[in-house]
Amino acid sequence: MESFLIKGGRPLRGEVTISGSKNAALPIMAATLLTDEPCVIRGVPNLSDTRFMAQILKSLGAETEFKKGTLETRAKKIQGYADYDLVRKMRGSICVAGPLLARLRKARISLPGGCVIGARPINLHLKGFESLGAHIEIVGGYVHASAKRLIGATTFLGGRAGSTVLGTANVMMAGALADGVTVIESAACEPEVVDLANFLTAMGAKIAGAGGPTITVTGVKKLHGAEHWIIPDRIEAATFAIAAAATDGEVTIKNCRSEHLRAVLDKLNEAGVSIQSREGNLVVRRGKKLSTADVTTLPYSGFPTDVQAQMMSLLTLAPGISIITERIFESRFMHVSELTRLGADIEIEGPSAIVKGGRPLSGAPVMASDLRASAALVIAGLAAKGETQVNRIYHLDRGYERMDLKLRKLGARIQRVEEK
Ligand code: EPU
């Protein structure tokens, strides 16, 4: 297993180019199963998750080639069975369910199970499929979904923590080939849902309202092949912005869309970070002393849960008390005990973490537990004095393209080493 060895205390300076969005790429890759014609997806980040999704498409029968950020795929003839070994490795693989059900009228997919950040049920995905007339059975840990016909209907996808991103994607994809009109109420509004809707539209789907809480999908008989560019990864952009601020550096972030980052930029501003827009890029720098900020994660356009851990690392450096409340996933605080090993003072109280910031961080060996927790530990390691070893960085490689190389270009002293 590999680790990052970080010698902290050096400000990040320079330019970084953001890769395509992982969470937009995964459902868009799945959507290519909706047609028997060739599709070309560009700007796909080279990550273990996207390589894995390409493998899933192959296992379902598609011919795929994934090279230099471009996925060429053709799902001429496919089968509808996704094995436990495939689905358990990446929860995002559940988004093949909608396309398989739409195209084959049946899908047999292993239930993904929980993961370290929370229970992660798929009841809302199944509710959506059922409202389109699918029959759902759970047998031996697998979801069997089948339908003679999918018939458009109105479905409400609001849950305990708001809507569901991949559930919205799944129902939108199933509705694209259903008879009649599907209305998704309380749909997820994330930019990744809009990117998927744009790709489906390029394939010939009829979709209105994506990006808002009501999405209307008018089913068509057939979808055709299409080409698409994936949007920039807003979570990667936020991660680099926070790393720049945490190291007291100045970084120009290229290929990012500030309109997708409003909540994060607003909180960074509140925390004393200066952000300027220059020629379509963002220039991030710690303007003055860091201030405390209270952060609550919410569905888009609120503060993203996928940036909560990184923001916590930053706020450990702001003198005073910041309260971070996690409203999307119930156990997404695995990074807290590791940040404490670096000298941070954080207490968990129910869904909130109370960060008593301002103590200097000092390097230590730490263990990454999930993708975004890993990014938080890297940021803390870059800001800490001394050497930090972040173990189990395979989590990080799931969602950040060449993060160590990008950080080195910004002046960070970070090496990928074999875990001792
Ligand atoms: N939920 C339900 N029932 C469902 C589905 C979800 O109760 O059927 C609950 C979840 O337990 C959670 C909330 O709804 O409390 C939101 O979950 P959502 O379904 O929106 O999550 P997801 O679609 O499975 C995507 C991203 C996650 C990101 C979340 C929230 C992908 C591949 N994954 O997951 O990304 O955290 O949306 O924004 O798009 C990451 O990249 O690190 C990551 C975990």
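Being a predicted model, the structure only gives us computed values, none of them experimental.

*Asks:* Which residues make up the overall build of the protein chain, and what values go with them?
*Replies:* For the protein chain, the count of helices and strands is 14 helices and 24 strands. Taken over C-alpha atoms, the radius of gyration comes to 21 Å for the protein chain, in line with the 22 Å a tight globule of 420 residues would show. For the protein chain, the spread of C-alpha atoms along the principal axes amounts to about 65 × 45 × 40 Å. Counting only residues that meet the buried cut, the protein chain has 58% of its 420 residues in that class. Taking all contacts inside the protein chain whose residues are at least 6 apart in sequence as the whole, residues at least 24 apart take part in 73%. Element-wise, carbon and sulfur atoms account for 50% of the exposed surface of the protein chain, whose accessible area totals about 16400 Å².

*Asks:* Give me the lowdown on the pairing of strand E19 (residues 320-325), citing residues and values where you can.
*Replies:* Where strand E18 (residues 295-296) lies against E19, two bridges are found, and the strand directions are parallel. From the neighbouring strand, threonine 296 faces E19, where its bridge partner is threonine 325. You can see the chain leave E18, run along helix H10 (residues 308-315) and come back into E19, and the turn it takes is right-handed. Relative to strand E21 (residues 352-357), E19 is paired through six bridges, and the arrangement is antiparallel. The residue bridging glycine 320 from the neighbouring strand is glycine 357, located in E21.

*Asks:* Tell me about the pairing of strand E5 (residues 70-74), and please be specific about residues and values.
*Replies:* The two faces of a sheet get side chains in turn, since along a regular strand they alternate between them. Pairing of strand E3 (residues 38-42) with E5, which is carried by five bridges, proceeds in the antiparallel orientation. Bridge assignment links isoleucine 41 to a residue of E5, and that residue is leucine 71. Pairing between strand E4 (residues 63-67) and E5: five bridges, direction antiparallel. Note that in E5 the partner of lysine 67 across the bridge is threonine 70. The hairpin turn running from E4 into E5, its antiparallel successor, is two residues long, and lysine 68 in that turn takes a positive phi close to 45 degrees.

*Asks:* Describe the site of the ligand, with residues and values.
*Replies:* Neighbouring the ligand are 24 residues, the closest being Asn123, Leu124, Thr164, Asp306 and Ile328. Threonine 164 places a side-chain nitrogen or oxygen 2.6 Å from an oxygen atom of the ligand. Relative to its unbound accessible surface of 820 Å², the ligand loses 92% to contact with the protein. Going through the elements one at a time, helix H1 (22-31), helix H5 (123-131), helix H6 (165-176) and helix H12 (371-383) are the ones with two or more residues in the shell around the ligand. Partitioned by chemical class, the residues of the shell around the ligand number eleven nonpolar, six polar and seven charged.

*Asks:* Hey, could you go over the packing of aromatic side chains for me, with residue numbers and the actual values?
*Replies:* Centre distance and the angle of the planes are the two values used to describe a pair of aromatic rings. Taken as a whole and assessed by the stated rule, the structure comprises one aromatic pair. Here the aromatic rings of tyrosine 81 and tyrosine 142 are separated by 5.7 Å at their centres, their planes lie at 15 degrees, and the arrangement is stacked. Pair noted here: tyrosine 81 is in strand E6 (residues 81-82) and tyrosine 142 is in strand E9 (residues 142-146), with a separation of 61 residues, a long-range link.

*Asks:* Which residues make up the side chain of aspartate 370, and what values go with them?
*Replies:* Following the sequence through the fold, aspartate 370 ends up in the loop between strand E22 (365-367) and H12. It turns out aspartate 370 is buried and unbridged, and the closest side chain with the opposite charge, arginine 332, is 4.3 Å from it. If sequence neighbours within four positions are ignored, aspartate 370 has contacts with Val116, Ile117, Arg332 and His395.

*Asks:* Explain the packing of helix H4 (residues 97-104) against H6 to me, using residue names and the numbers behind them.
*Replies:* Across the interface, H4 lies against H6 with an axial gap of 7 Å and an inter-helix angle of 15 degrees. Compared by their axis directions, H4 and H6 come out roughly parallel. When the axes of H4 and H6 are compared, the crossing they make is right-handed. Of H6, the residues touching H4 (which contributes Ala97, Gly98, Pro99 and Ala102) are Asn170, Met173 and Ala174. Class assignment of the residues belonging to the contact of H4 with H6 gives a composition of five nonpolar, two polar and no charged.

*Asks:* I'd like a rundown of the nonpolar core, residues and numbers included.
*Replies:* When a protein is soluble and globular, its nonpolar side chains tend to lie buried together. Ranked by size, the top nonpolar core spans 74 residues in total, and within it Leu34, Met53, Val96, Ile109, Leu150, Met172 and Leu200 carry the most contacts. Contacts of methionine 53, omitting those with residues within four sequence positions, involve Leu26, Met29, Ala30, Met90, Gly92, Ser93, Cys95 and Val96. Membership of the second largest hydrophobic core comes to 69 residues, among which are Ala244, Leu317, Leu361 and Leu371.

*Asks:* Break down the sheet that holds strand E16 (residues 273-278) for me, citing the residues and quoting the values.
*Replies:* On the basis of which strands lie adjacent, the open sheet formed by four strands has the order E2-E15-E17-E16 and mixed pairing. Two strands bound the open sheet, and with one partner strand each, they are strand E2 (13-17) and E16. Sheet twist, expressed as the average angle between the axes of neighbouring strands with direction ignored, equals 20 degrees. Bridging between E16 and strand E17 (residues 281-286) involves six bridges; their strand directions are antiparallel. Looking at E17, one finds that glutamine 276 is bridged to valine 283.

Parameters and conventions
- Residues numbered from 1 in each chain as written.
- Predicted model: local features only at pLDDT ≥ 70, side-chain atom pairs only at ≥ 80, totals over all residues.
- Heavy atoms only, no water.
- Helix = DSSP H or I, 4+ residues; strand = E, 2+ residues; numbered from the N terminus.
- Rg over C-alpha atoms; globule rule 2.2 N^0.38 Å.
- Buried < 20%, exposed > 50% of the residue type's maximum accessible area, 1.4 Å probe, protein only.
- Contact = heavy atoms within 4.5 Å.
- Areas by Shrake-Rupley, 256 points an atom, 1.4 Å probe, with all protein chains shown as cover.
- Pairing = 2+ DSSP bridges.
- Right-handed = clockwise from strand over helix to strand, strands pointing away.
- Near = heavy atom within 4 Å.
- Polar contact = N/O pair within 3.5 Å; in protein donor to acceptor, adjacent residues only side chain to side chain.
- Nonpolar A, V, L, I, M, F, W, Y, C, P; charged D, E, K, R; others polar.
- Phe/Tyr/Trp six-rings, centres within 6.5 Å; stacked < 30°, edge-to-face > 60°.
- Lys, Arg positive; Asp, Glu negative; His and termini not counted.
- Salt bridge = Lys/Arg side-chain N within 4 Å of Asp/Glu carboxyl O.
- Axes fitted to C-alpha atoms, helices over the stretch in contact; angles between N-to-C directions.
- Parallel < 35°, antiparallel > 145°, perpendicular 65-115°, else oblique.
- Left-handed = near helix turned anticlockwise from the far one by under 90°.
- Core = buried A, V, L, I, M, F, W, Y, C linked by side-chain atoms within 4.5 Å.

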